[in-house]
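Fold and contact review
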Number of protein chains: 2
Amino acid sequence: MKLNANYDNIQNSYLFVEIANRVKKFTAQNPSADIIKLGIGDVTRPLAPCVVEAGVKAVEEMGRAETFRGYSPDSQGYDFLRDAISRYYAAFNVKVAPHEIHVSDGAKSDCGNIVDMFGDDNVVLIPDPVYPVYLDSNVMSGRKVIFCDSTEGDDFAPLPDKNVKCDIIYLCSPNNPTGAAFSYEKLKAWVDYANANGAVIIFDAAYEAFVTEPDVPRSIFAVEGARTCAVELCSFSKTAGFTGTRCGYTVVPDELCGGKFAKMWARRQSTKYNGTSYIQQRMAEAAYSEEGIRQCRENIQAYQKNANLISGVLESMGIYHTGGKNSPYIWLKCGMPSWDFFDRLLEKANVVGTPGSGFGKNGEGYFRLTAFNTYEKTAEAMERFKKIF
Amino acid sequence: MKLNANYDNIQNSYLFVEIANRVKKFTAQNPSADIIKLGIGDVTRPLAPCVVEAGVKAVEEMGRAETFRGYSPDSQGYDFLRDAISRYYAAFNVKVAPHEIHVSDGAKSDCGNIVDMFGDDNVVLIPDPVYPVYLDSNVMSGRKVIFCDSTEGDDFAPLPDKNVKCDIIYLCSPNNPTGAAFSYEKLKAWVDYANANGAVIIFDAAYEAFVTEPDVPRSIFAVEGARTCAVELCSFSKTAGFTGTRCGYTVVPDELCGGKFAKMWARRQSTKYNGTSYIQQRMAEAAYSEEGIRQCRENIQAYQKNANLISGVLESMGIYHTGGKNSPYIWLKCGMPSWDFFDRLLEKANVVGTPGSGFGKNGEGYFRLTAFNTYEKTAEAMERFKKIF
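Residues numbered from 1 in each chain as written. Chains lettered and ligands numbered in written order. Predicted model: local features only at pLDDT ≥ 70, side-chain atom pairs only at ≥ 80, totals over all residues. Heavy atoms only, no water.

Attention now moves to the overall build of chain A. Each helix and strand in chain A was counted, giving twelve helices and 13 strands. The C-alpha atoms of chain A give a radius of gyration of 21 Å, which matches the 21 Å a tight globule of 389 residues would have. Oriented by its inertia axes, the alpha-carbon framework of chain A measures out at about 60 × 55 × 50 Å. When each of the 389 residues of chain A is scored for burial, the buried share is 62%. Pairs at least 24 residues apart make up 74% of the contacts formed inside chain A by residues separated by at least 6 positions. With the model as given, the accessible surface of chain A reaches about 14,500 Å², and the carbon-plus-sulfur share is 50%. A distance of 3 Å separates the average location of the 42 positive side-chain charges in chain A from that of its 47 negative side-chain charges. (Helix = DSSP H or I, 4+ residues; strand = E, 2+ residues; numbered from the N terminus. Rg over C-alpha atoms; globule rule 2.2 N^0.38 Å. Buried < 20%, exposed > 50% of the residue type's maximum accessible area, 1.4 Å probe, protein only. Contact = heavy atoms within 4.5 Å. Areas by Shrake-Rupley, 256 points an atom, 1.4 Å probe, with all protein chains shown as cover. Lys, Arg positive; Asp, Glu negative; His and termini not counted. Charge placed at Lys NZ, Arg CZ, Asp CG, Glu CD.)

Another aspect to go through is the packing of helix α10 (residues 290-316) of chain A against helix α12 (residues 375-388) of chain A. When two helices pack together, their arrangement is given by the angle between the helix axes and the distance between those axes. Residue and element names in this part refer to chain A. Between α10 and α12, the least distance of the axes is 10 Å, while the angle of their chain directions is 10°. The angle between α10 and α12 falls in the class roughly parallel. Where α10 approaches α12, its residues K305, N306, L309, I310, V313 and L314 are matched on the opposing element by Y375, T378, A379, M382, F385 and K386. Residue composition of the contact of α10 with α12, by class: eight nonpolar, two polar and two charged. (Axes fitted to C-alpha atoms, helices over the stretch in contact; angles between N-to-C directions. Parallel < 35°, antiparallel > 145°, perpendicular 65-115°, else oblique. Nonpolar A, V, L, I, M, F, W, Y, C, P; charged D, E, K, R; others polar.)

Moving on: the relation of the copies chain B and chain A. In the superposition of chain B on chain A (RMSD 0.0 Å, axial shift 0.0 Å), the rotation amounts to 180°. Both chain copies can therefore be described as sitting about a two-fold axis. Closest approach to the rotation axis within chain B is made by the C-alpha atom of V56(B), at a distance of 2.6 Å. (Least-squares fit on C-alpha atoms with pLDDT ≥ 70 in both.)

Residues and elements named next belong to chain A. Its 14 residues give helix α6 (residues 184-197) an end-to-end C-alpha distance of 20 Å, which sits within 8% of 20 Å, the value for a rise of 1.5 Å per residue. Along α6, the residues classified as buried are L187, W190, V191, Y193 and A194. Each buried residue of α6 sits inside an arc of 160° when the element is viewed along its axis, so together they form one side. With respect to the buried face of α6, the exposed residues turned more than 90 degrees away are E185 and A196. Considering only its buried residues, α6 is in contact with β3 (123-128), β4 (144-149), β5 (168-172) and β6 (200-204). At the exit of α6 stands G198, carrying a positive phi of roughly 65°. (Expected span 1.5 Å × (residues − 1). Arc of directions from axis to C-beta.)

Moving on to the pairing of strand β13 (residues 366-370) of chain A. Residue and element names in this part refer to chain A. Of all the five residues making up β13, five are buried; the element is thus mostly covered by neighbouring parts of the structure. With burial as the criterion, each face of β13 is covered, one bearing Y366, R368 and T370 and the other bearing F367 and L369. Relative to β13, strand β10 (residues 329-333) runs antiparallel, the two sharing five bridges. For Y329, the partnering residue across the bridge sits in β13 and is T370. With two bridges joining them, strand β12 (residues 354-355) and β13 adopt antiparallel strand pairing. Pairing of P355 across the sheet is with F367, part of β13. (Pairing = 2+ DSSP bridges.)

Further remarks concern the packing of aromatic side chains. Geometrically, a pair of aromatic rings is defined through the distance of the ring centres and the angle of the planes. Residues and elements named next belong to chain A. Applying the stated criterion across every chain, the model contains 56 aromatic pairs over all chains. Geometrically, the ring pair formed by Y134 and Y170 is stacked, given 4.9 Å between the ring centres and 25° between the ring planes. Here the residue Y134 occupies a position in helix α5 (residues 132-139), and Y170 occupies one in strand β5, the gap between them amounting to 36 residues. Overall, the relative accessible area of 0% leaves Y170 in the buried class. When the ring of Y249 is compared with that of Y288, the centres are 6.3 Å apart and the planes differ by 70°; the resulting orientation is edge-to-face. Taken as a pair, Y249 in strand β8 (residues 248-251) and Y288 in the loop between α9 (278-287) and α10 lie far apart in primary sequence, 39 residues in all. Of the two residues, Y249 and Y288, both sit in the buried class. Taken together through their ring pairs, the aromatic side chains of Y88, Y89, F92, F236, F242, Y249 and Y288 make up a single cluster. One cation-aromatic arrangement involves K305 over Y375; the distance from NZ or CZ to the ring centre is 4.2 Å. (Phe/Tyr/Trp six-rings, centres within 6.5 Å; stacked < 30°, edge-to-face > 60°. Lys NZ or Arg CZ within 6 Å of the ring centre and 35° of its normal.)

A word on the environment of I310(A). All names here are of chain A. Take I310: it is sitting in helix α10. We classify I310 as buried; its relative accessible area is 0%. Residues I310 and T370, 60 residues apart in the sequence, show an inter-C-alpha distance of 8.7 Å. Excluding residues within four positions of it along the chain, I310 makes contact with L38, I330, L369, T370, T378 and M382.

Next up on the list: the sheet that holds strand β9 (residues 321-323) of chain B. Taken in spatial order, the four strands line up as β9-β10-β13-β12 (chain B) in an open sheet, and their pairing is antiparallel. In the strand order of this sheet, the two ends are held by β9 and β12 (354-355) of chain B, each with one partner.

Before going further, it helps to examine the interface of chain B and chain A. A common measure of how large an interface is: the accessible area buried when the components associate. Each side of the interface is counted separately: chain B has 75 residues, and chain A has 75 residues. Taken together, the connections running from chain B to chain A amount to six salt bridges. One salt bridge in this structure joins K2(B) and D167(A), with 4.0 Å as the shortest N-O distance. Run the count over chain B and chain A and you get 37 residue pairs in polar contact (both at pLDDT 80 or more). (Salt bridge = Lys/Arg side-chain N within 4 Å of Asp/Glu carboxyl O. Polar contact = N/O pair within 3.5 Å; in protein donor to acceptor, adjacent residues only side chain to side chain.)

What follows is the structure, given as structure tokens:
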């Protein structure tokens with residue numbers, strides 16, 4: 001038996017291991033230091049009350065013969081949830097039909113599994129800096145990957161280069177790690193480029209609920225022409241705090257590859273996936289109810305308040321940064337190598353963040369702060385930040 | 001962009017569509033017929049009380065700041081569940097360490113995703129008749145698939161043919177659809193064959209909780225030599241009624257490919273999967289607690305009572321069959337083509353089952369009945385059965 005040799009080409013990321021090691025070493029030497037973590041890449045606020053209520057009800061239904069549910073009738077999701085997601089899109093004027101929505105246990109699964117749809121001889125275009133899953137999941141299939149520079153010159157929301165030919169394009173907006181978001185015009189340029197090249201855009205919309213600027217599309221399907229060239233991955237993780245609960249969805253428009261893409265994805269999922277738990281589907285439905293959206297929004301606003309605080313301090317200090325406005329991430333220019341900045345922030349302010357160089361070569365000299373700590377801790381961290389820079 | 005051309009080679013299965021169509025047509029012509037379904041391939045009894053209790057508690061924990069859980073610390077599962085699964089194996093004298101257990105949302109996902117571990121130039125050996133996922137998930141990757149005949153001659157538990165060379169072997173015991181199970185000796189023959197050929201066995205143990213005969217291994221790791229040649233897929237679906245709740249696990253022994261297989265699987269899962277919901281992991285832990293095992297066993301015994309009833313009737317009528325003893329499936333010899341038998345059973349007895357020919361060429365002339373209906377309906381169906389054959 002021959003193992004998949006492509007796995008030998010995946011690079012190990014030691015970013016978070018190295019952060020943990022440096023923090024551990026510092027804490028050992030400075031046991032009384034009050035360390036504040038602004039490197040958290042995960043939600044911290046509990047699920048909304050109506051989501052919990054729906055979850056309890058669904059679990060209890062599973063315990064009674066008359067309401068018990070076995071395999072879901074369709075591995076793509078129950079109608080009640082696909083309808084709720086379709087209405088959610090409609091609320092920001094994007095038309096997505098329920099049958100175009102494929103429910104899953106999370107966007108990371110969909111992001112990893114969607115590569116099954118493509119031949120191995122396609123060329124993949126990935127921005128740098130980047131969320132590493134896009135790269136690793138294609139290296140595992142042996143695909144050629146090329147990078148698109150994302151830099152200060154374009155405020156970390158790059159435009160396509162018409163001289164570059166590629167087949168599969170990954171875009172994430174609002175972006176992880178930079179927090180930058182595409183304007184309608186910039187995203188339209190990508191859609192036009194993809195259509196002109198017969199390429200497909202895999203659009204990661206996981207952070208859409210953080211968008212505040214009216215010119216920033218919350219879905220690629222807000223952009224004219226996207227229905228012939230894009231799939232969208234989205235999730236309840238950041239919108240409703242489902243990182244440990246697990247539920248996401250992928251939107252495949254009817255027009256993509258003349259309907260063939262949707263059929264292939266449905267076939268992949270019905271063969272290699274047995275549907276998302278009824279319990280999570282009921283919880284997700286509650287999150288996208290009117291009450292659920294209101295309750296989840298309170299959590300997002302709390303994170304946004306932190307993001308605004310961080311941005312405001314950087315603004316007042318004249319430090320170049322992206323994100324914060326439409327994202328829980330703030331990406332700032334260090335004025336020194338990323339790891340030097342990490343050490344200085346840790347040693348002088350006892351604040352932990354994430355070196356940008358860990359996300360790709362264009363991340364060198366940048367640093368990521370996140371809005372997922374409490375307001376009090378975030379305020380205290382930024383007070384200390386002001387004092388040392 | 002080039003789509004994955006291998007998808008054009010997947011055959012569509014119309015088995016369950018055709019069954020539904022024939023039942024629909026019959027019901028339209030005979031609206032008063034009292035149809036009994038012995039074709040159900042899904043559990044029907046509710047979750048055990050202690051599993052429901054654990055689920056409610058976990059959902060409520062997610063709703064409080066102090067007990068909320070985000071991303072799981074390890075995408076392979078929480079220690080509390082991996083420990084519980086390890087103890088579950090120990091109870092039937094199989095030693096599997098917690099770190100060798102990789103928790104997932106279900107065995108179907110693992111079965112579909114495990115093919116990522118292998119190069120596309122391996123030869124896959126699949127018994128016929130067979131659960132179609134083994135075949136389809138390999139056709140999607142363009143692998144060569146050869147079949148191993150499973151027939152009455154070996155009581156549908158075939159032995160390996162030493163003249164056949166292959167790299168990846170799928171075995172399911174107790175089997176879907178035949179209900180047949182491998183004795184220790186037969187499974188040992190497969191393990192020896194795999195080790196001699198440098199092949200890997202993917203062992204589907206989804207029905208292990210139905211095993212009653214002491215000579216039938218509940219895990220391939222009960223067999224000497226399996227740790228160097230096998231991975232095992234298992235699930236809470238049939239054991240604890242989780243088909244709509246979703247939780248499963250894969251066991252990868254340290255010895256497989258000198259530890260490389262386990263590392264690759266962990267890497268695949270941490271890249272393309274973000275861990276199983278905390279809620280399901282707590283529910284699964286409860287199912288494998290002492291009380292949970294006792295409560296789940298009551299459900300399994302109810303299905304086994306139905307299986308024994310069906311087997312007993314066939315026995316008394318002198319009809320050749322496999323399964324029932326260690327499985328909720330009973331596979332009987334029709335004495336006519338499978339679809340003719342289907343029509344006769346539907347028309348004369350108003351009982352629905354599954355034609356064996358839908359599971360492969362060696363299924364022709366056979367028929368599957370299942371134990372997932374109520375005892376009363378099963379008894380009534382078998383009374384009718386006796387009258388017409």
